[in-house]
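Coordinates in review
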Amino acid sequence: IAARMGIRKPVHIWISEWVTCPVTIGFLKPVILVPLAAINHLDTPQMEAVLLHELSHIRRHDYLLNLY
């Protein structure tokens, strides 16, 4: 899906118990952090929507705005 969105960098998805909502970090190596609770409580279409949302942030470079 990332390639179809025009994202050329590999994007990793990590499960974290430290974040409370999905977040995208990293410039050279973008990573989507997903809370463990989200994995346990969301069904497949909901998780796909979350990942598409985070991928759109990577495509638009929105995560750079969160640095300041």
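Analysis parameters
- Residues numbered from 1 in each chain as written.
- Predicted model: local features only at pLDDT ≥ 70, side-chain atom pairs only at ≥ 80, totals over all residues.
- Heavy atoms only, no water.
- Helix = DSSP H or I, 4+ residues; strand = E, 2+ residues; numbered from the N terminus.
- Rg over C-alpha atoms; globule rule 2.2 N^0.38 Å.
- Patch = residues over 30% accessible without salt bridge, like charges linked within 9 Å, V, L, I, M, F, W, Y side chains within 5 Å.
- Areas by Shrake-Rupley, 256 points an atom, 1.4 Å probe, with all protein chains shown as cover.
- Salt bridge = Lys/Arg side-chain N within 4 Å of Asp/Glu carboxyl O.
- Pairing = 2+ DSSP bridges.
- Axes fitted to C-alpha atoms, helices over the stretch in contact; angles between N-to-C directions.
- Core = buried A, V, L, I, M, F, W, Y, C linked by side-chain atoms within 4.5 Å.
- Buried < 20%, exposed > 50% of the residue type's maximum accessible area, 1.4 Å probe, protein only.

**So, the overall build of the protein**
In terms of helices and strands, the protein carries two helices and three strands. Its helices and strands in sequence order give the protein the pattern β-β-β-α-α, from N to C terminus. For 68 residues, the compact-globule estimate of 2.2 N^0.38 gives 11 Å, and the C-alpha radius of gyration of the protein, at 12 Å, lies within 12% of that figure. The principal-axis extents of the C-alpha atoms in the protein amount to approximately 30 × 30 × 15 Å.

**Regarding a nonpolar patch on the surface**
Taken together, the side chains of Ile15, Leu36 and Ile39 define a hydrophobic patch exposed on the protein surface, amounting to about 260 Å² of accessible area. Note that Leu36 resides in helix α1 (residues 36–41).

**Digging into the environment of Leu28**
For Leu28, the location among the structural elements is in the loop between β2 (23–25) and β3 (31–35). Taking the C-alpha atoms as reference points, Leu28 and Pro45, 17 residues apart in sequence, are found 28 Å from one another.

**Structural notes on the sheet that holds strand β1 (residues 12–16)**
If you trace the three strands from one edge of the open sheet to the other, you get β1-β3-β2, paired in mixed fashion. Of all strands in the sheet, those with a lone pairing partner are β1 and β2, marking the two edges. Averaged over neighbouring strand pairs, the angle between their axes works out to 30° when direction is ignored. Here β2 runs beside β3; their pairing, made up of three bridges, is antiparallel. Bridge assignment links Thr24 to a residue of β3, and that residue is Ile32.

**Side note on the nonpolar core**
Residues Met5, Ile7, Ile32, Val34, Ala38, Met47, Val50, Leu51, Leu55 and Ile58 constitute the largest nonpolar core, which totals 10 residues. Secondary structure elements with two or more residues in this core: β3 and α2 (44–60). Counting residues per element, this core draws most heavily on α2, which supplies five residues.

**Remarks on the pairing of β3**
Among the five residues of β3, five are classified as buried, and the element is accordingly described as predominantly covered. Covered by surrounding structure in β3 are Val31, Leu33 and Pro35 together with Ile32 and Val34, the residues of both alternating faces. Relative to β3, β1 runs parallel, the two sharing five bridges. Pairing of Ile13 across the sheet is with Ile32, part of β3. In this structure, the hairpin formed by β2 and β3 is closed by a connection of five residues, where Gly26 is found at a positive phi of approximately 95°.

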